[in-house]
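# Breakdown of the fold
Chain by chain, the residues run as shown.
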Amino acid sequence: MLPTPPRFSSQALIFLLILLVVKAGSLLWLQQLARRSATRVHSYVGDDYPRAWPIPMAGPVLMPLENTRRYMIDGPESNQEWDAAVPGNGMIYLGEQKRKFSISMFHQLRCISHLRKEMFSAQKTGIMKPDSQLNQHCLNYMRQMLFCASDTILDEVLSPVSHPLVVPEFFECKDWSLIYDAVERNQRENRPS
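Residues numbered from 1 in each chain as written. Predicted model: local features only at pLDDT ≥ 70, side-chain atom pairs only at ≥ 80, totals over all residues. Heavy atoms only, no water.

An unreviewed UniProt entry annotates the protein as N-acetyltransferase domain-containing protein originating from Favolaschia claudopus. In the Sequence similarities (unreviewed entry) part of its UniProt record, the protein is described as follows: "Belongs to the ustYa family." (UniProt positions renumbered as here; feature names shortened; annotations may be inferred.)

## Structural notes on the overall build of the protein
For the protein, the helix and strand inventory stands at five helices and four strands. When the helices and strands of the protein are placed in sequence order, the string is α-β-α-β-β-α-α-β-α. The proportion of buried residues among the 193 residues of the protein is 21%. The contacts in the protein between residues at least 6 apart in sequence include a share of 68% that link residues at least 24 apart. With an accessible surface of roughly 15,500 Å², the protein has 61% of that area assigned to carbon and sulfur atoms. (Helix = DSSP H or I, 4+ residues; strand = E, 2+ residues; numbered from the N terminus. Buried < 20%, exposed > 50% of the residue type's maximum accessible area, 1.4 Å probe, protein only. Contact = heavy atoms within 4.5 Å. Areas by Shrake-Rupley, 256 points an atom, 1.4 Å probe, with all protein chains shown as cover.)

## Here we look at the layout of surface pockets
In this structure, the largest pocket spans a volume of roughly 2,500 Å³. Looking at the lining of the largest pocket, the elements with two or more residues in it are β1 (61-64), β2 (91-94), β3 (99-102), α3 (104-125), α4 (133-149), β4 (170-173) and α5 (176-190). Grouping the constituent residues of the lining of the largest pocket by class yields 33 nonpolar, five polar and six charged. Here the second largest pocket defines a volume of roughly 170 Å³. Taken together, Leu115, Glu118, Met119, Ala122, Ile127, Met128, Lys129, Pro130 and Asn135 make up the full set of residues lining the second largest pocket. The biggest single contributor to the lining of the second largest pocket is α3, with four residues. Residue composition of the lining of the second largest pocket, grouped by class: six nonpolar, one polar and two charged. (1 Å grid on protein atoms, 1.4 Å probe; cavity = no way out; pocket = protein on both sides within 12 Å on 5 of 7 lines; lining within 4 Å. Points joined across faces, edges and corners; volume = space filled by probe spheres on them. Nonpolar A, V, L, I, M, F, W, Y, C, P; charged D, E, K, R; others polar.)

Structural data, given as structure tokens:
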């Protein structure tokens, strides 16, 4: 004999029905909001621009986490490596007026490179410029971006620093190659004359 299905009280059924209606309504609202923001055309004049550049982004990619001999503070190719990490200074041009914007990812890389150059210069000349406006800006900007990312991935503490990084072997990251492609395309097509 088949078991009798459980009986729900009328209050439980009403609660479930309300929950389903609220859930369906919120999903429809979120879909409409996403459609509206994706199809909205911005003038890129004054405050009329999106918070993030609306370019298609694919799913995450795995990035190997490893110590590298590249991107050093100073070395024969350090400046070229750091400069190559930021195509066209990371600037893009949007709207009919070709308004210039910086991509946050490239802003961060420029700040790291600037602080790297300042460290090397201070080491070489013995002159530190801790109160430089650009130094203060970069340090504060990087602090804010780290808080914004709020990454909770656990990193194993290894000592000394020269140990190879072992855990985790890979990080799941946004596909930055799509950002590079979009920035380079934008720079080719929209660089103001």
